[in-house]
Amino acid sequence: MTDIPYAFPPGGLPGQEFNPEGTAIFTNAYAVIPANVQRDIVTSFLPGWNGMRMWILARPMTGFAETFAQYAVELAPGGGSSDPEPDRSAQAGIFVAFGEVRLSIGGARQTLKPGTFAYIPSGAHWEIWNTSDGPCGFHWIRKRLDRIESLNPLTAFTRHETDVPWAAMPDCDQVWSTQRFFDPFDMRHDFHVNIVNFQPGGRIPFAETHVMEHGLYVLQGTARYLLNTDWVDVGPGDFMWLRAFCPQACIATGDQPFRYLLYKDVNRHAPLGVNDVLKTSGAR
């Protein structure tokens, strides 16, 4: 398990010899936040936490992507929180990138190693702590639940990515596959988190254009990625943030697999009025 590489923000600060011109991009259709700008001076801190810092990579923005927030959280030894989520309607998806964390949900404790994904339903009381001797890092996705009252309540679960099958996409000779942490036919869930995998030279062979918003954190490898009308080069630790209907495609480059952690909103009607939009996006 520990041999699988998972990128994470590098922190630190480049020296004065570096050219500040970079590859960060923000448009009305997408954003690219490269790993080399995820540095110490752009970290955030939260009340109720000890020994933590984080990079806020995505947050709901009117007229852009409105369904989710995505963080990369780093904990020092002993760091964590006994009450990390102030919004009781928020669900969480957590993916551990390095080190170990102890996650407690409703009193049930579990140690999560790199490559483990945990789903935490809205309203659950949970805690997360680094009980090891070294730092740890995890990705944290937050979304308010669009509940369907006729369906049974959601329950927490954890899965390591090595236990999630690689489902090959049709007509691709096994070079493009997806690992789905959620059951795609479980209508209780209104978002999914997947790991998308491409072997070198694999590609999305058309420009996907769809209603789902995306957060894509590159875990491993390199690719040329189409975002709206632009092809950009991306690599480990780069984050791509796509609003609904932004065209996307990719061609994996290099000599190792290209893999990214993917968020998308699913399984709900499109809101038809302004009040519905505000309700769905969590706006006040």
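In case you missed it, the structure is sitting above this.
Keep in mind it's a predicted model, so treat the numbers as computed, not measured.

Draft legend 1. Examining the overall build of the protein chain more closely. Per the secondary structure count, the protein chain includes one helix and 20 strands. The globule rule puts the C-alpha radius of gyration for 284 residues at 19 Å, and the 18 Å found for the protein chain is close to it. When the backbone C-alpha atoms are referred to their principal axes, the protein chain occupies close to 50 × 45 × 35 Å. Here the protein chain holds 284 residues, and 49% of them are scored as buried. Working note: accessible area of the protein chain is about 13,700 Å², and carbon and sulfur atoms make up 54% of it. Distance between charge centres in the protein chain, computed from 22 positive and 29 negative side chains, equals 6 Å.

Draft legend 2. Examining the sheet that holds strand β16 (residues 222-227) more closely. Spatially, three strands are ordered β17-β16-β19 in an open sheet, and the strand pairing comes out antiparallel. Every other strand in the sheet has two partners, leaving β17 (230-234) and β19 (248-253) as the edge strands with one partner each. Taken over all neighbouring pairs, the strand axes of this sheet differ in orientation by 20° on average, direction set aside. Bridge count for β16 against β17 is five bridges, and the pairing is antiparallel. Among the inter-strand pairings, A223 is bridged to a residue of β17, identified as V234.

Draft legend 3. Highlighting the nonpolar core. Ranked by size, the top nonpolar core spans 30 residues in total, and within it F95, F181, V193, W241 and L261 carry the most contacts. Y30, F198, M240 and F258 belong to the second-largest nonpolar core, a separate cluster that totals 25 residues.

Draft legend 4. Focus on the pairing of strand β9 (residues 126-129). As judged from the two bridges shared by strand β4 (residues 69-81) and β9, these two strands associate in the antiparallel manner. When the sheet's bridge partners are listed, G80 is paired in β9 with W129.

Draft legend 5. Unusual backbone geometry, seen in detail. The phi angle at D173 is positive, at roughly 55°, despite the residue not being glycine. Among the structural elements, D173 can be located in the loop between β12 (167-168) and β13 (176-180). A residue is classified by how much of its surface remains accessible, and D173, at 74% relative accessible area, is exposed.

About the cut-offs
- Residues numbered from 1 in each chain as written.
- Predicted model: local features only at pLDDT ≥ 70, side-chain atom pairs only at ≥ 80, totals over all residues.
- Heavy atoms only, no water.
- Helix = DSSP H or I, 4+ residues; strand = E, 2+ residues; numbered from the N terminus.
- Rg over C-alpha atoms; globule rule 2.2 N^0.38 Å.
- Buried < 20%, exposed > 50% of the residue type's maximum accessible area, 1.4 Å probe, protein only.
- Areas by Shrake-Rupley, 256 points an atom, 1.4 Å probe, with all protein chains shown as cover.
- Lys, Arg positive; Asp, Glu negative; His and termini not counted.
- Charge placed at Lys NZ, Arg CZ, Asp CG, Glu CD.
- Pairing = 2+ DSSP bridges.
- Axes fitted to C-alpha atoms, helices over the stretch in contact; angles between N-to-C directions.
- Core = buried A, V, L, I, M, F, W, Y, C linked by side-chain atoms within 4.5 Å.

Just distances and angles here, no functional claims.
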